[in-house]
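Each chain, written out:
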Amino acid sequence: SAEVTPVFEHIVPNSEGIHARGAVTSILCHMAAQPVVGDCFTSLCSYSSGSDLYIANLPYRLRNKSFGEVCRAFKHAICIGVACANGEVTIAPPANRILNA
């Protein structure tokens, strides 16, 4: 939470706090409810198995396409979510969600 950042910055100068409580809670819930999904998230987030996670801009040719269509357009990648310009991140959005720049 916001009250942790000043304490962390005092202990480790020139650092920035990352508020990951919501994301961590979500991953823990996935691990409890669906261990395979949780294991996948853990593998991606820890980079322990050589997997990398990237955020890429939506190619112009895929604008105004659905998330499902965009996912099928990549032969050597797996789309797992959408990061919007306003900072909103959605993991596993509906396949019919229309994507714009």
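Below or above, wherever it landed, is the structure these notes cover. If you're wondering where the values come from, they're calculated on a predicted model, not measured in any experiment.

Our focus in this paragraph is the overall build of the chain. Scanning the chain from terminus to terminus reveals 4 helices and 4 strands. In the chain, the succession of α and β elements from N to C terminus is α-α-α-β-α-β-β-β. Of all 101 residues assigned to the chain, the portion counted as buried reaches 16%. Considering only contacts in the chain between residues 6 or more positions apart, those separated by 24 or more positions represent 33%. When the accessible surface of the chain is split by element, carbon and sulfur atoms take 61% of a total near 8,000 Å².

This part takes up the nonpolar core. In this structure, Leu 58, Leu 62, Phe 67, Val 70, Val 82 and Leu 99 together form the largest nonpolar core, which totals 6 residues. Sequence-distant contacts of Val 70, that is, excluding residues within four places in its chain, are made with Leu 58, Leu 62, Lys 65, Cys 79 and Leu 99.

Another point: the environment of His 30. Mapped onto the secondary structure, His 30 falls in helix α2 (residues 21–33). The class for His 30 is partly exposed, based on a relative accessible area of 28%. Excluding residues within four positions of it along the chain, His 30 makes contact with Pro 35, Val 37, Gly 38 and Phe 41.

Following the sequence through the fold, Ala 73 ends up in helix α4 (residues 67–73). Overall, Ala 73 belongs to the partly exposed group, its relative accessible area being 29%. Among residues more than four places away in sequence, those in contact with Ala 73 are Arg 61 and Leu 62.

Criteria and thresholds
- Residues numbered from 1 in each chain as written.
- Predicted model: local features only at pLDDT ≥ 70, side-chain atom pairs only at ≥ 80, totals over all residues.
- Heavy atoms only, no water.
- Helix = DSSP H or I, 4+ residues; strand = E, 2+ residues; numbered from the N terminus.
- Buried < 20%, exposed > 50% of the residue type's maximum accessible area, 1.4 Å probe, protein only.
- Contact = heavy atoms within 4.5 Å.
- Areas by Shrake-Rupley, 256 points an atom, 1.4 Å probe, with all protein chains shown as cover.
- Core = buried A, V, L, I, M, F, W, Y, C linked by side-chain atoms within 4.5 Å.

That's the geometry; what it means functionally is another story.
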